[in-house]
Each structure stands twice: as C-alpha cells, then as structure tokens.
Amino acid sequence: MIRVHLTTLGCPKNQVDSELMLGMLTGAGFPLAERAEDAECVIVNTCAFIDRARQESVDTILEMARLKESGRCRALIVTGCLTQRYGADIMRELPEVDGILGTSELTRIVELVRQAASRHDWATGAPPGYLYDATTPRLLTTKAPYAYVKIAEGCDMGCTFCAIPQFRGKHRSRPRADIVREVEALAARGVQEAVLVSQDTLAYGRDLPGNGDIGDLLQALGETRMPWIRPMYLHPAHVNDRLVEKWARARVVPYIDMPIQHADDGVLRAMRRAVTARRMLDVVAQWRAAIPDVTVRTTVLVGFPGETDDAFQRLLDFMDETRFDRLGVFTYSPEEGTPSPAYDDQVPAELAAERATIVQERQDAIAWERHAKLVGSVQDVLVDGESEDPAFAWEGRTAGQAPEIDGVVYLRGPFTPGTFARARIVEVEGYELVGERL
C-alpha cells in the first residue's frame, strides 16, 4: 500500500470532505503520511470560492507537483471545488496532475488512488449531488475537541456575486435523524463541540417533507450528549419570529454567525440578498433580546459594483449602530458565471482594498471595546490544547469564540485539553483573551 498525504484548502466544509476521504482511504488500508514529502500519493483538496482561493489552490498544486522530482511522490491527485468547476482545464493545463475528482464523487477516492500511479484523465462530469451520512467512514484531522458537521450541501439563494451553486449545486439537506446519529457518535468519541456548517444553514430541512426545519434539528441535537452545538452561516433573510423562539429554547451556544454582506439597500438589491438594512437591524436586535449574552458575528463584502461613497458610509453607520462582536471583511471578486461582473460602476480594486481597511479598523475599535468589558468575568472555556503562543501552556475558547476564526483564550495554570474549565479573564490583547484557572 502506498502512503497518502492530503492537504486541505478552503472552508470547514472542505475539511469535512477531506476527513471523509481520509476515512475511506484508511478503511481501505492505505497508510497516511503526516508530511507530503514522505508520501507516494499526494492529494490536494482545493477551494474555488474567490480568485485568491483559486490562486492558492493552483500554487499548492504546483508546489506538491515538485515533490515528484525531489520527494517520493509518484502520483498527484486534485479534488474539491476547483476540480468540480474546472476539471477539464486542470487536466489539460497541468500535466503534473495524475487524476482529479470533483465534489460529487468523493466515494471514488479509493479507486482513484489505486490507479493514479499512472496518469489517468479522470475529469468528472457528474453534477453536484453527493451527501454523506452518519455511516460514512471519517477520520478527524484535528486534535482539538471540536468537529465540523455538514448538515446540508449547496445553495438556492442565487446571490449575484457567488459562484458556489455552480460547483456545489442546489440546496440538499441531510435527514435530521442521520445528523443526530453523527453528532451522538462524535460525542461518544470525545468530541466536545459540534460546529454545524452548510452554505445556507437556515434553509435546512425545507427540501425534506416531514423532516422539520433548523429549529427542530437544534431541539433534537439538544437531546444528544454533545456539550456545545454551534450553528454557522445564518442568512438574515430566513430569520422569523418562530425560528428565533425555537432557537432561544434550544441547547446551543449563545453565538450567532449571520453574514450581512452589506447595509445599503441599493447594494443589497444588486447582490440579490432578499433583505433590507432595516430588517437586518431588527433581526440583530431580536437575537440579542431573545438570547442573553449572545455573541453576534458577521461578514461584509466591500467594493461590490455600484458601491458609492454614500453606500459605503451607510455600511459604516450600520456597523456603528449594530456594534457586532465579530466581523470579517472581504473585497469583491468578480466570479466567472455570475451576473455581477457585467454590472456597471465596477469599483477599482485599490478603492475596495482601502474600504476594507477602513471597515477593519472601525470594527477593531468596536470589538476591543466590547472585549475590555470581559476583564474580571468568569467564563466557561473549552480547552482546545497546547498554545501556539510560547508564553502560555494552553489555549481554549469561550462560547463566544468559534474555532479558527474568532481568536482564543490563552490560559495560565493547570488545564486538561479536551475538557471544560472555569477561567477568570484577566487581560485582553486585541481579539485574544488571557484567562486564569479558578
């Protein structure tokens, strides 16, 4: 059996796909190599969300291809969104690649690895449609006590800047009972936090008659042994009174991840977001009223075609009024196959970058002010493991910190990784907190 190494790029949903492929490969007897240099077969699971992600994917492919000359690598396989979207182009323009696999045929990874030592032009033409289930083998790749659970795949919203439906397909929900089985099994393996992900989480269940919606799923997951349940990617257009009421009763962490993208109604219409700025203000207020001490995170997109100075100022005013706890900012990227590149009034990339800097600086001031109020408070912390900062032995997260995107709590004192502990917050360092064990 040849040794296999897999490199994952992109979002947590891609990480789930990688863990599924690794589960299938180890189940078939393939040993894994921690370093790409030690593997005979190297797999790159790619991202194709925006231009920077595509460039990173291509650069990584070429970097791994050099191992054919300097390392043990005999076969290079490329999987993921880039191959689903541009499979034929990759096989034509990158002769270093021995085989490719799109997102729709993950279950064929074992077959492909077995025959990839000789070039095999496998450009999948299968449309997006794959959904894993609780019985699919999966090898968790993180040593931290959390795991991502993909509850649905694809998206029906049709935002004019987003190409995801082209390579992930229409929205498809997993059955509620199957997700409950997976989360229960993860809890039995010692996982302490299930992070629920999909392209459009609040659309969950709408395509499955009799299955219930996301609120029903959260109620069911609350009956499992999983301590923390954290849903991500909540579209504000789907929020209603009934959903908020169900959410407030559910056993989930007090954390809302709701990408607004913008706060000017003209830009929102051009983006086809199906929601107004006024409505989003009301939704944020509704979440905060229903869930005590909730942390609200969002993302915004600047530089979209037609974003005038006045429109940008309305976004800043919205931030000042809403005062998000967390915010990520991205610049617009024209995506092939989407309507927005043909729009008038394209914003120069330099101006978009300037606006992104302004947004980040404005948000830093808001977030750090809110963080400062945590000093002296006692928080439940999930200890993720050893700290990346040599000044501290351990690091963890509060319920208000999602893994990999929201910063951490650096911990002083004796802690046990993979467990919960009570810690007093004694310092704030930007987006990072410092806690001492009680």
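Asker: Lay out the overall build of the protein with the relevant residues and their values.
Answerer: Along the protein, the regular secondary structure elements total 13 helices and 17 strands. Taking 438 residues into account, the globule formula puts the C-alpha radius of gyration at 22 Å, and the protein, at 22 Å, falls close to it. When burial is assessed residue by residue, the protein has 57% of its 438 residues classed as buried. For the protein, the exposed area adds up to about 18,200 Å²; of that, 50% sits on carbon and sulfur atoms. Of the charged side chains in the protein, 50 are positive and 65 negative, and the gap between their average positions amounts to 5 Å.

Asker: Give a detailed account of the sheet that holds strand β17 (residues 432-437), specifying residues and quantitative values.
Answerer: Strand order around the closed barrel formed by five strands is β13-β14-β15-β17-β16, with mixed pairing between neighbours. Pairwise comparison of adjacent strand axes, ignoring direction, gives a mean angle of 50° for this sheet. Taken together, the five bridges between strand β13 (residues 378-386) and strand β16 (residues 420-429) define a ladder with antiparallel strand orientation. Looking across to β16, one finds that Gln379 is bridged to Ala423.

Asker: Requested: an account of the packing of helix α11 (residues 277-290) against helix α12 (residues 309-322), with residues and values cited.
Answerer: Direction vectors running N to C along α11 and α12 enclose 20°, while the axes themselves pass 11 Å from each other. On the basis of the axis angle, α11 is roughly parallel to α12. Seen from above, α11 lies across α12 with right-handed handedness. Where α11 approaches α12, its residues Ala277, Met280, Leu281, Val284 and Arg288 are matched on the opposing element by Phe318, Glu321 and Thr322. Among the residues making up the contact of α11 with α12, the classes are represented as five nonpolar, one polar and two charged.

Asker: Give a description of the side chain of Thr299 that names residues and reports values.
Answerer: By the element assignment, Thr299 lies in strand β11 (residues 295-302). The buried category is assigned to Thr299, whose relative accessible area is 13%. Those residues within four positions of Thr299 in sequence are excluded, and the remaining contacts are Met258, Pro259, Ile260, Gln261, Gly328 and Phe330.

Asker: Please set out helix α1 (residues 12-27) residue by residue, giving values where relevant.
Answerer: Along its 16 residues, α1 runs 22 Å from first to last C-alpha, staying within 8% of the 22 Å computed at 1.5 Å per residue. Of all 16 residues making up α1, 14 are buried, and the element is well covered by its neighbours.

Asker: Explain the nonpolar core to me, and be specific about the residues and the numbers.
Answerer: Judged by nonpolar contacts, the single largest core of 88 residues is most densely connected at Ile109, Val113, Trp247 and Val359. When near neighbours in sequence (up to four residues on either side) are disregarded, Trp247 contacts Leu202, Ile214, Leu218, Pro231, Leu234, Val252, Ile256, Trp287 and Ile291. Ranked by size, the runner-up nonpolar core spans 36 residues in total, among them Val42, Val44, Ile100 and Phe161.

Asker: Can you lay out the packing of aromatic side chains for me, pointing to particular residues and giving the numbers?
Answerer: In this structure the tally under the stated criterion is nine aromatic pairs. Note on Phe161 and Phe304: the rings are 6.3 Å apart at their centroids and 80° apart in plane angle, and the pair reads as edge-to-face. Of this pair, Phe161 sits in the loop between β6 (152-153) and α6 (164-168) while Phe304 sits in the loop between β11 and α12, and the two are 143 residues apart along the sequence. Each of the two residues, Phe161 as well as Phe304, counts as buried. Through pairs of rings, three or more aromatic residues link up here, namely Phe161, Phe304, Tyr332 and Tyr343. Over the aromatic face of Tyr132 sits the side chain of Arg174, whose NZ or CZ is 4.2 Å from the ring centroid. Taking NZ or CZ as reference, Arg437 lies 5.3 Å from the ring centre of Phe415, over its face.

Asker: Can you break down the environment of Val294 residue by residue, with the values?
Answerer: Structurally, Val294 is set in the loop between α11 and β11. Counting along the chain gives 39 residues from Val294 to Tyr255, while the straight-line C-alpha distance between them is 5.4 Å. Ignoring sequence-local partners within four residues, the contact set of Val294 consists of Pro254, Tyr255, Ile256, Trp287, Arg288 and Asp325.

Asker: Summarise the sheet that holds strand β8 (residues 193-197); cite the residues concerned and give the values.
Answerer: Sheet architecture is open: three strands sit in the order β5-β8-β9, paired in parallel fashion. Every other strand in the sheet has two partners, leaving β5 (146-150) and β9 (228-231) as the edge strands with one partner each. Neighbour-to-neighbour, the strand axes of the sheet open up by a mean angle of 25°, direction not taken into account. Two elements, β5 and β8, share five bridges in a ladder whose sense is parallel.

About the criteria used
- Residues numbered from 1 in each chain as written.
- Predicted model: local features only at pLDDT ≥ 70, side-chain atom pairs only at ≥ 80, totals over all residues.
- Heavy atoms only, no water.
- Helix = DSSP H or I, 4+ residues; strand = E, 2+ residues; numbered from the N terminus.
- Rg over C-alpha atoms; globule rule 2.2 N^0.38 Å.
- Buried < 20%, exposed > 50% of the residue type's maximum accessible area, 1.4 Å probe, protein only.
- Areas by Shrake-Rupley, 256 points an atom, 1.4 Å probe, with all protein chains shown as cover.
- Lys, Arg positive; Asp, Glu negative; His and termini not counted.
- Charge placed at Lys NZ, Arg CZ, Asp CG, Glu CD.
- Pairing = 2+ DSSP bridges.
- Axes fitted to C-alpha atoms, helices over the stretch in contact; angles between N-to-C directions.
- Parallel < 35°, antiparallel > 145°, perpendicular 65-115°, else oblique.
- Left-handed = near helix turned anticlockwise from the far one by under 90°.
- Contact = heavy atoms within 4.5 Å.
- Nonpolar A, V, L, I, M, F, W, Y, C, P; charged D, E, K, R; others polar.
- Expected span 1.5 Å × (residues − 1).
- Core = buried A, V, L, I, M, F, W, Y, C linked by side-chain atoms within 4.5 Å.
- Phe/Tyr/Trp six-rings, centres within 6.5 Å; stacked < 30°, edge-to-face > 60°.
- Lys NZ or Arg CZ within 6 Å of the ring centre and 35° of its normal.

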